[in-house]
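Topology and contacts: notes
Letter by letter, the chains look like this.
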Amino acid sequence: MRIAVPSDEGFDGNAVPFEKAESFAIAEVGPDGIKEIKVLKPEKNMEEELKKEGVELVLAPEVSKEMTMKLAQMGIKVLTGFSGKVKDVMTMALKSTVRDFLKAGLTMTKVGKKMMDRRL
């Protein structure tokens, strides 16, 4: 699965809200771990650039409802509530919690104490 994390400084930075991202750290995550790392710095139409890169999942602290709908229409799932270093967020993608949310068919979930799901 190809995932993207909006960041302030690429893979070495912190996860930031989608709309405030200066770049996106993109990784191919599979059973053997993280296989590919790429930093994308889109100038506009972030969602189009992510789709071109084959991103299937965005992990972010926050994503607006409007952007979540756009991403969902493009077949990109969104999980929110992830914060901290991008490397740590990527590692979370390997954990069963993220896989469980995706298996449940959730397209937007607030991870943590407050949980909200939205099925599209």
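Anything mentioned here points back to the structure above.
This report concerns the structure included in the present document. Please read all numbers here as calculations on a predicted model, not as lab measurements.

Remarks on the overall build of the chain
- If you tally the helices and strands in the chain, you get four helices and seven strands.
- Reading the helices (α) and strands (β) of the chain from amino to carboxyl end gives β-β-β-α-β-α-β-α-α-β-β.
- A buried classification covers 44% of the 120 residues belonging to the chain.
- A total accessible area of about 6700 Å² is found for the chain, and carbon and sulfur atoms account for 47% of it.

As for unusual backbone geometry
- Of note in the backbone geometry, Asn-45 takes a positive phi value of approximately 50° without being a glycine.
- Within the secondary structure layout, Asn-45 lies in the loop between β3 (33-40) and α1 (46-52).

Some points on a nonpolar patch on the surface
- On the surface, Ile-34, Ile-37 and Leu-94 cluster together into a nonpolar patch covering about 210 Å² of accessible area.
- Take Ile-37: it is sitting in strand β3.
- Using a relative accessible area of 42% as the deciding quantity, one classes Ile-37 as partly exposed.

Rules of the game
Residues numbered from 1 in each chain as written. Predicted model: local features only at pLDDT ≥ 70, side-chain atom pairs only at ≥ 80, totals over all residues. Heavy atoms only, no water. Helix = DSSP H or I, 4+ residues; strand = E, 2+ residues; numbered from the N terminus. Buried < 20%, exposed > 50% of the residue type's maximum accessible area, 1.4 Å probe, protein only. Areas by Shrake-Rupley, 256 points an atom, 1.4 Å probe, with all protein chains shown as cover. Patch = residues over 30% accessible without salt bridge, like charges linked within 9 Å, V, L, I, M, F, W, Y side chains within 5 Å. Salt bridge = Lys/Arg side-chain N within 4 Å of Asp/Glu carboxyl O.

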